Amino acid sequence: MTDLRQWDGRPYHSLDYELKKRFGEKVYKVALEGGMTCPNRDGTLDTRGCSFCSGAGSGDFAASKKLSITRQIDDGIRFISRRKQTGRRFIAYFQSFTNTYAPVEILEPLYREALSHPDIVMLSVATRPDCLPDPVISLLASCNKSKPVMVELGLQTMHDTTACQIRRGYCTKVYDTAVESLKQAGLEVVTHVIAGLPQENKRDFLQTVAHTVTCGSDGIKLQLLHVLEGTDLAWEYQNGMFSTLTMEEYLDWIISAIRLLPEEMVIHRLTGDGPGELLLAPLWSRHKRNVLNTLHRKMKEQCVFQGQTAGQPLNGKEGQNGK
């Protein structure tokens, strides 16, 4: 690491930097639809999903599960290439819902087909920590021998009280065990965390971020809470049961999180954009580029870089409870 703590011109270890380092060029994700559902939607745990989840797919390009994985990849690459300058290296990203929630006999052909595509250099699988039985982890480990495999876990919060409120459907110990099992199998782990969940303050959020580090997650996605139309969270918001973060609050929380993350941890996301047609709040999040530009400016002004407070207890400025 350089003395200036710069990762390709930024004061944090971004996914873009990491992928360029690994593969020698910018690498984009191709979102794939594996036809999965979720135990929080099919009646196993619930039928309503998490309170914040609209059930809509994310990303600009929505693949159809009626198409083969190969066709989805080809279509996705064409879509990305029309909008961005790309090379010939992409990540196969099983994104929607819970992409390990099926028997191995169904999962293996999907994963193997994605990995066999000549332009795919990595497999990324988004899932829940409670949907990783031993046979599935063994399958992922086997795939990892062909091309790198990254497993994304939706933790959102380490606080079980909040998890119950948002209907996550499992306790945090399940996440801890999943990370341990995946790491023992030699797999790369990325953890999703949400800032601004109802009744959580800055300290609660930073405790969750710190927990992902303690458990050994290789990467993290820091996501702003979006209130989407048609969700139970929207009903709570419209009835004044909680408020969303202002842009200033969000940037303050994110800067504190970046400071406590160790230098080697890859930051996959610093914000996000909910489906425009469904987004109720916060409306400032529509302007993602402005959010990121403001974040970078503030980090430069404050001389902030990733790892600045890594390993330190959450006290003082970093542990303030204000929202």
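Residues numbered from 1 in each chain as written. Predicted model: local features only at pLDDT ≥ 70, side-chain atom pairs only at ≥ 80, totals over all residues. Heavy atoms only, no water.

1. Regarding the overall build of the protein
Counted only if it meets this: Strands here mean DSSP runs of E at least two residues long; helices mean DSSP runs of H or I at least four residues long; both are numbered from the N terminus. Our radius of gyration looks at C-alpha atoms and nothing else; its globule reference is 2.2 Å times the residue count to the power 0.38. We call a residue buried when its accessible area falls under 20% of the maximum for its residue type, exposed when it is over 50%, and partly exposed in between, using a 1.4 Å probe and counting protein chains only. Working definition of accessibility: Shrake-Rupley area with a 1.4 Å probe, residue cover restricted to the visible protein chains. For the charge count, each Lys or Arg is scored as positive and each Asp or Glu as negative, with His and the chain ends excluded. Note on charges: their place is set at NZ of Lys, CZ of Arg, CG of Asp or CD of Glu.
In terms of regular secondary structure, the protein is built from ten helices and nine strands. Whereas a compact globule of 323 residues would reach a radius of gyration of roughly 20 Å, the protein reaches 19 Å, a difference of no more than 12%. The principal-axis extent of the C-alpha atoms belonging to the protein is close to 50 × 50 × 40 Å. Expressed as a percentage of its 323 residues, the buried residues of the protein come to 54%. Carbon and sulfur atoms make up 49% of the accessible area of the protein, which totals about 14500 Å². Between the mean site of the 39 positive side-chain charges and the mean site of the 37 negative ones, the protein shows a separation of 5 Å.

2. What about the packing of helix α2 (residues 69-83) against helix α3 (residues 104-116)?
Put simply, the rule reads: Every axis in this analysis is a line fitted to C-alpha atoms, fitted for helices over the stretch in contact. Angles between the N-to-C directions lie between 0 and 180 degrees. Angle categories are assigned with fixed cut-offs, so that under 35 degrees is roughly parallel, over 145 is roughly antiparallel, 65 to 115 is roughly perpendicular, and the rest are oblique. A clockwise turn of the near helix away from the far one marks a right-handed crossing, whereas an anticlockwise turn of less than a right angle marks a left-handed crossing. Contacts between residues were defined by any pair of non-hydrogen atoms, one from each residue, lying within 4.5 Å. By the convention adopted, Pro, Cys, Tyr, Trp, Phe, Met, Ile, Leu, Val and Ala count as nonpolar, Lys, Arg, Asp and Glu as charged, and the other residues, Gly among them, as polar.
Two elements in contact, α2 and α3, have axes separated by 9 Å at closest approach and are oriented at 40 degrees. When the axis of α2 is compared with that of α3, the two are oblique. Both α2 and α3 take part in a crossing whose hand is right-handed. For the pair formed by α2 and α3, the contact residues are I69, T70 and I73 on the first element and L110, E113 and A114 on the second. Considered class by class, the residues forming the contact of α2 with α3 number four nonpolar, one polar and one charged.

3. Quick look at the sheet that holds strand β3 (residues 120-127)
We apply this condition: Note on pairing: two strands pair once DSSP finds at least 2 bridges between them.
Pairing is parallel across the open sheet formed by seven strands, whose spatial order is β1-β2-β3-β4-β5-β6-β8. Each edge of the open sheet is held by one strand with a lone partner, namely β1 (28-32) and β8 (266-269). For this sheet, the mean inter-axis angle between neighbouring strands, taken without regard to orientation, is 25 degrees. Two elements, strand β2 (residues 90-94) and β3, share five bridges in a ladder whose sense is parallel. Opposite I91, over in β3, you have M122 as the bridge partner. Set on the sheet, helix α7 (residues 202-215) makes contact with β4 (149-156), β5 (188-195) and β6 (219-224); between it and β5 the angle comes to about 180 degrees. Those strands touched by helix α9 (residues 247-260) are β5, β6 and β8, and its axis lies near 170 degrees from that of β6.

4. Focus on the nonpolar core
Defined as follows: Buried residues of nine kinds, namely Ala, Val, Leu, Ile, Met, Phe, Trp, Tyr and Cys, make up a nonpolar core once their side-chain atoms join them within 4.5 Å.
Among the nonpolar cores identified, the biggest contains 37 residues, and Y111, L123, L140 and L153 are the most heavily contacted of them. The set of elements that each furnish at least two residues to this core consists of β1, α2, β2, α3, β3, α4 (134-144), β4 and α6 (172-184). The contact partners of L140, leaving out residues within four places of it in the chain, are Y111, V125, L132, V149, V151 and L187. Membership of the second largest hydrophobic core comes to 30 residues, among which are W253, I255, A257 and W284.

5. A word on the packing of aromatic side chains
Rule in force here: Pairing of aromatic rings covers Phe, Tyr and the six-membered ring of Trp, with a centre-to-centre limit of 6.5 Å; geometry is then stacked below 30 degrees between planes, edge-to-face above 60, and tilted otherwise. Our definition puts a charge over a ring when NZ of Lys or CZ of Arg is within 6 Å of the ring centre and also within 35 degrees of the ring normal.
What the rule picks out here adds up to four aromatic pairs. With centroids separated by 5.9 Å and ring planes inclined at 45 degrees, the aromatic side chains of Y250 and W284 adopt a geometry described as tilted. Taken as a pair, Y250 in helix α9 and W284 in the loop between β9 (279-281) and α10 (288-301) lie far apart in primary sequence, 34 residues in all. Each of the two residues, Y250 as well as W284, counts as buried. The ring of Y93 is capped by K29, whose NZ or CZ atom sits 4.2 Å from the centre of that ring. Across from the ring centre of Y170, 4.2 Å away, lies the NZ or CZ of R168, which sits over that ring.

6. Some words on the pattern of salt bridges
The condition is simple: Salt bridges are identified by distance alone: a Lys or Arg side-chain nitrogen within 4 Å of an Asp or Glu carboxyl oxygen.
Within this structure, the stated rule accounts for 20 salt bridges. The shortest N-O distance in the salt bridge between K20 and D8 comes to 3.8 Å. Linking K20 in helix α1 (residues 15-23) with D8 in the segment before α1, this pair joins segments that are twelve residues apart in sequence. On the basis of relative accessible area, K20 is assigned to the partly exposed category, the value being 33%. Classification of D8 as partly exposed rests on a relative accessible area of 48%. Of the charged contacts in the structure, one is a salt bridge between K202 and D252, with a shortest N-O distance of 3.1 Å. Of this pair, K202 sits in helix α7 while D252 sits in helix α9; the two residues are 50 residues apart in sequence, bridging distant segments of the chain. Looking at K202, the relative accessible area reads 2%, which means it is buried.

What is shown is where atoms sit, not what they do.
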